[in-house]
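Structural overview
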Amino acid sequence: MNFTLLSDVSGEIAAKFGVPVGKGGTITRTIAGEEKTLDRMVTASRWTFVIDPQGKVVYRDAEVNAAEDSQKVIDFARKHSPVKE
C-alpha cells in the first residue's frame, strides 16, 4: 500500500476521533484448523476516515459495511481527486 496504516492497541487515537471504544476481552477463533483464544486490549467500532495531506479529515463513515467499504472510499477519492482520469 502506498499509505500508512495505524495500529491503535490502546484505543487512545480512536477515542480522540470520537470512535466508540470498549473493553477488550478474549475471543476464540479457529486458525489453520486449531482453536485459539485471542486476547484483545480494547475493542473499537469500525469507522473509516480519509485524511488529506494537510491533516484534515475529508471523509468519515461511522456505519461501515466491511464488504463495501473499500469501494465507497475509492468512489469518494475519484469524485474528489484534483486529478481527473
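Residues numbered from 1 in each chain as written. Predicted model: local features only at pLDDT ≥ 70, side-chain atom pairs only at ≥ 80, totals over all residues. Heavy atoms only, no water.

1. Things to note about the environment of Thr43
- The topology assignment puts Thr43 in strand S2 (residues 34-44).
- Spatially, the C-alpha atoms of Thr43 and His80 are 31 Å apart, while their sequence positions differ by 37 residues.
- Leave out the neighbours within four places in its chain, and Thr43 touches Pro20, Val21, Gly22, Lys23 and Gly24.
- Side-chain polar atoms of Thr43 contact the backbone oxygen of Lys23, separated by 3.3 Å. (Helix = DSSP H or I, 4+ residues; strand = E, 2+ residues; numbered from the N terminus. Contact = heavy atoms within 4.5 Å. Polar contact = N/O pair within 3.5 Å; in protein donor to acceptor, adjacent residues only side chain to side chain.)

2. Remarks on a nonpolar patch on the surface
- Together, Leu6, Ile13, Phe17, Ile51 and Val57 make up a nonpolar patch on the protein surface, roughly 410 Å² of accessible area in all.
- Tracing the chain through its elements places Val57 in strand S4 (residues 57-61).
- Note on Val57: relative accessible area 35%, which makes it partly exposed. (Patch = residues over 30% accessible without salt bridge, like charges linked within 9 Å, V, L, I, M, F, W, Y side chains within 5 Å. Areas by Shrake-Rupley, 256 points an atom, 1.4 Å probe, with all protein chains shown as cover. Salt bridge = Lys/Arg side-chain N within 4 Å of Asp/Glu carboxyl O. Buried < 20%, exposed > 50% of the residue type's maximum accessible area, 1.4 Å probe, protein only.)

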